[in-house]
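# Fold and contact review
Residue-level listing of the chains:
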Amino acid sequence: FPDRVLKLQTFVLDGLLDDARLNRLADQAATATRATPAYTIADLLGDTRRAVFSELRPGPVRVDAYRRNVQRLWVDELNGKLNPAAPARPTPAIRRPGFTPPPPLPGDARALMRAEFASLDAAIRQALPRAADGETRAHLQDLRYRIGRALNPPR
């Protein structure tokens, strides 16, 4: 059952972190004023991180299987944005009537994702001593490892 839930979680996070959505947020931020503030990429990333990692708040930390899945997924999704896999072979440009290629990831998005990883890593480091069980402790240690590899990918 956790795998079925993971498919739904993947669908939601893919939609939230879609490059086109991030571009719309960047466009809105660029035209925002004090009178008409915009919801920014930083807002989206921070709100999502706080929701996905709500267990890291003060007190004993216990993360169940469903939440471990979505937390790993969030880290892996951001890692995929920061360190996209190289295509197996170059794809030719598609020039078809009505086809608009997807926009690239906005320039500031990578910097903001790195900042989110730094904040998350600090929160996990503080939460590790409060892990209520071995599975949670192993999960938090694994997340720190994944974040470290995302920020410093092997060459």
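Remember, predicted model here, so these are calculated numbers, not experimental data.

### So, the overall build of the protein chain
Counting its secondary structure elements, the protein chain contains 6 helices and 0 strands. Along the chain direction, N to C, the helices and strands of the protein chain fall in the order α-α-α-α-α-α. When burial is assessed residue by residue, the protein chain has 30% of its 155 residues classed as buried. Long-range contacts, defined as pairs at least 24 residues apart, comprise 71% of the intrachain contacts of the protein chain with a sequence gap of at least 6. By element, 56% of the accessible surface of the protein chain is carried by carbon and sulfur atoms, the whole surface being about 9900 Å².

### Concerning the side chain of Arg68
Within the secondary structure, Arg68 is located in helix 4 (residues 65–82). A relative accessible area of 14% means that Arg68 is categorised as buried. Setting aside residues up to four positions removed in sequence, Arg68 forms contacts with Val63, Glu135 and His139.

### Quick notes on the environment of Gly134
Tracing the chain through its elements places Gly134 in helix 6 (residues 134–151). Spatially, the C-alpha atoms of Gly134 and Arg62 are 9.5 Å apart, while their sequence positions differ by 72 residues.

### Regarding the packing of aromatic side chains
Aromatic ring pairs are reported here in terms of the distance separating the ring centres and the angle at which the planes meet. In this structure the tally under the stated criterion is 2 aromatic pairs. Judged by centre distance (5.7 Å) and plane angle (80°), the rings of Phe53 and Trp74 are edge-to-face. A residue pair is termed long-range when its members are at least 10 positions apart, and Phe53 in the loop between helix 3 (41–52) and helix 4 and Trp74 in helix 4 qualify at 21 residues. Both residues of the pair, Phe53 and Trp74, belong to the buried class. When its relative accessible area of 0% is taken as the criterion, Trp74 is described as buried. Feature note: the residues Phe53, Trp74 and Phe117 constitute an aromatic cluster, connected by ring pairs.

### Focus: helix 2 (residues 19–30)
With 12 residues, helix 2 ought to run about 16 Å at 1.5 Å a step, and its terminal C-alpha atoms sit 16 Å apart, in line with that. Where helix 2 is concerned, the buried positions are Leu22, Asn23 and Leu25. Along the axis of helix 2, the buried residues cluster in a sector spanning 160°; they form a single face. Tucked into the core, helix 2 has its buried residues touching helix 1 (2–16), helix 3 and helix 5 (107–127). Where helix 2 begins, the capping side chain belongs to Asp18, and its oxygen is found 3.1 Å from the backbone nitrogen of Ala20.

### Things to note about the environment of Asp76
Tracing the sequence through the fold places Asp76 in helix 4. Residue Asp76 is classed as partly exposed on the basis of its relative accessible area, which comes to 36%. A C-alpha to C-alpha distance of 7.8 Å links Asp76 and Arg146, two positions 70 residues apart in sequence. Side-chain polar atoms of Asp76 contact the side chain of Arg146, separated by 2.8 Å.

### Regarding the pattern of salt bridges
Inspection of the entire model under this criterion finds 10 salt bridges. A salt bridge links Glu55 to Arg67; the nearest nitrogen and oxygen atoms lie 2.6 Å apart. Here the residue Glu55 occupies a position in the loop between helix 3 and helix 4, and Arg67 occupies one in helix 4, the gap between them amounting to 12 residues. Note on Glu55: relative accessible area 17%, which makes it buried. In this structure Arg67 comes out as partly exposed when scored by relative accessible area, which is 22%. Arg146 is paired through a salt bridge with Asp142; the nearest N and O atoms lie 2.7 Å apart. Taken as a pair, Arg146 and Asp142 lie in helix 6 at a separation of 4 residues, close to a single helical turn. Each of Asp76, Asp142 and Arg146 takes part in one network of salt bridges that share partners.

Rules used throughout
- Residues numbered from 1 in each chain as written.
- Predicted model: local features only at pLDDT ≥ 70, side-chain atom pairs only at ≥ 80, totals over all residues.
- Heavy atoms only, no water.
- Helix = DSSP H or I, 4+ residues; strand = E, 2+ residues; numbered from the N terminus.
- Buried < 20%, exposed > 50% of the residue type's maximum accessible area, 1.4 Å probe, protein only.
- Contact = heavy atoms within 4.5 Å.
- Areas by Shrake-Rupley, 256 points an atom, 1.4 Å probe, with all protein chains shown as cover.
- Phe/Tyr/Trp six-rings, centres within 6.5 Å; stacked < 30°, edge-to-face > 60°.
- Expected span 1.5 Å × (residues − 1).
- Arc of directions from axis to C-beta.
- Polar contact = N/O pair within 3.5 Å; in protein donor to acceptor, adjacent residues only side chain to side chain.
- Salt bridge = Lys/Arg side-chain N within 4 Å of Asp/Glu carboxyl O.

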